[in-house]
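In case you want the letters, here they are:
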Amino acid sequence: KGVCIALAAAPTPAYTLSLPRSATSPVTTLPLTNTTALLASFTLHPVGSATELRTLKLGFVTNNAKLLAGPFFIKINGATVYTASSTLIANSATDLTSLPLTTFPALPDNQDSTITVEAMVGSGASAGNAITVFLNVSAIRQVATNVIADPHLAIVSGNQLTVQGPGLVVSSLSDGG
């Protein structure tokens, strides 16, 4: 069972899609907790046509294969569009794992949409472990022309996040005097 997508050579010339890392992407630390954490945030911005996402590519570069536990989630504007086991994703910044979507999120023309990558930090993680998310879009459909194509974007990375170990926060109390 597979998905076969016929790709045109390139999107129409008047069409562009940008995929920068978002300013809201986490910057430095990743909590050592049993909750889902935001690993990276990106902004998708099509110009020239409303767009449907068809296939994403994802990589996690980490120094500990047990850093993530369970599934990861890719969300567009808060709605989950892909989830699978984090062990299925390449530990690579260049040879990313292809993720064909089964539902095709719509991106309005000339508007920002937010794409986030979330996962749970596993019990096998320890302080100092690091992870960086790498993302690319490898197939889209331009709604105006019905063209399915690779937008030929460069791979974009999230910030490198380091697991923050458990710690004790000490604060002093004053007598108010």
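Residues numbered from 1 in each chain as written. Predicted model: local features only at pLDDT ≥ 70, side-chain atom pairs only at ≥ 80, totals over all residues. Heavy atoms only, no water.

Quick notes on the layout of surface pockets
Line of reasoning, step 1. A volume near 180 Å³ is recorded for the largest pocket.
Line of reasoning, step 2. As for the largest pocket, its lining consists of Phe60, Thr62, Asn64, Ala65, Leu67, Leu68, Ser86, Thr87, Ile89, Ala90, Asn91 and Ile131.
Line of reasoning, step 3. By residue class, the composition of the lining of the largest pocket is seven nonpolar, five polar and no charged. (1 Å grid on protein atoms, 1.4 Å probe; cavity = no way out; pocket = protein on both sides within 12 Å on 5 of 7 lines; lining within 4 Å. Points joined across faces, edges and corners; volume = space filled by probe spheres on them. Nonpolar A, V, L, I, M, F, W, Y, C, P; charged D, E, K, R; others polar.)

Some words on the nonpolar core
Line of reasoning, step 1. Counting residues in hydrophobic clusters, the biggest one holds 39 residues, and the most contacted among them are Leu58, Phe60, Phe72 and Ile74.
Line of reasoning, step 2. Counting residues per element, the ones that place at least two in this core are strand 3 (36-47), strand 4 (51-62), strand 5 (68-76), strand 6 (79-85), strand 9 (113-121), strand 10 (130-142) and strand 13 (161-164).
Line of reasoning, step 3. Residue contacts for Phe72: discarding those within four places in its chain leaves Leu58, Phe60, Tyr82, Thr83, Ala84, Ser85, Ser86, Ile89, Leu99, Glu118 and Ala119. (Core = buried A, V, L, I, M, F, W, Y, C linked by side-chain atoms within 4.5 Å. Buried < 20%, exposed > 50% of the residue type's maximum accessible area, 1.4 Å probe, protein only. Helix = DSSP H or I, 4+ residues; strand = E, 2+ residues; numbered from the N terminus. Contact = heavy atoms within 4.5 Å.)

Thoughts on the packing of aromatic side chains
For any two aromatic rings, the description comes down to two numbers: the centre-to-centre distance and the angle of the planes.
Line of reasoning, step 1. Within the structure shown, the criterion is met by two aromatic pairs.
Line of reasoning, step 2. A ring pair is formed by Phe72 and Tyr82, whose centres lie 6.1 Å apart and whose planes are at 25 degrees; its orientation type is stacked. In this pair, Phe72 sits in strand 5 while Tyr82 sits in strand 6, placing the two residues 10 residues apart along the sequence.
Line of reasoning, step 3. A connected cluster of aromatic rings, assembled from ring pairs, spans Phe60, Phe72 and Tyr82.
Line of reasoning, step 4. Taking the ring centre of Phe104 as reference, the NZ or CZ of Arg54 above it sits at 3.8 Å. (Phe/Tyr/Trp six-rings, centres within 6.5 Å; stacked < 30°, edge-to-face > 60°. Lys NZ or Arg CZ within 6 Å of the ring centre and 35° of its normal.)

Some words on the pattern of salt bridges
Opposite charge on two side chains permits pairing when their charged atoms draw close.
Line of reasoning, step 1. Per the stated rule, a full pass over the model turns up three salt bridges.
Line of reasoning, step 2. The salt bridge partner of Arg141 is Glu52, with a shortest N-O separation of 2.9 Å. Within this pair, whereas Arg141 is found in strand 10, its partner Glu52 is found in strand 4, the two being separated by 89 residues in sequence.
Line of reasoning, step 3. Residue Glu118 is joined to Lys75 by a salt bridge in which the shortest nitrogen-to-oxygen separation is 3.3 Å. Here Glu118, found in strand 9, pairs with Lys75, found in strand 5; they are 43 residues apart in sequence, far enough to count as distant. Taken as a pair, Glu118 and Lys75 share a single burial class, namely buried. (Salt bridge = Lys/Arg side-chain N within 4 Å of Asp/Glu carboxyl O.)

A look at the sheet that holds strand 1 (residues 16-18)
Line of reasoning, step 1. The five strands are arranged 1-3-9-5-6 in an open sheet whose pairing can be described as antiparallel. Of all strands in the sheet, those with a lone pairing partner are strand 1 and strand 6, marking the two edges. Strand after strand, the sheet turns through a mean of 20 degrees between neighbouring axes, direction not considered.
Line of reasoning, step 2. As defined by bridge partners, strand 1 adjoins strand 3 across three bridges and the pair is classed as antiparallel. Bridge pairing in strand 3 links Ser18 to His45. (Pairing = 2+ DSSP bridges. Axes fitted to C-alpha atoms, helices over the stretch in contact; angles between N-to-C directions.)

Details of the pairing of strand 3
Line of reasoning, step 1. Across the 12 residues that make up strand 3, a large majority, nine, are buried.
Line of reasoning, step 2. The pairing of strand 3 with strand 9 spans eight bridges and is classified as antiparallel. Directly across from Ala37, in strand 9, lies its bridge partner Ala119.

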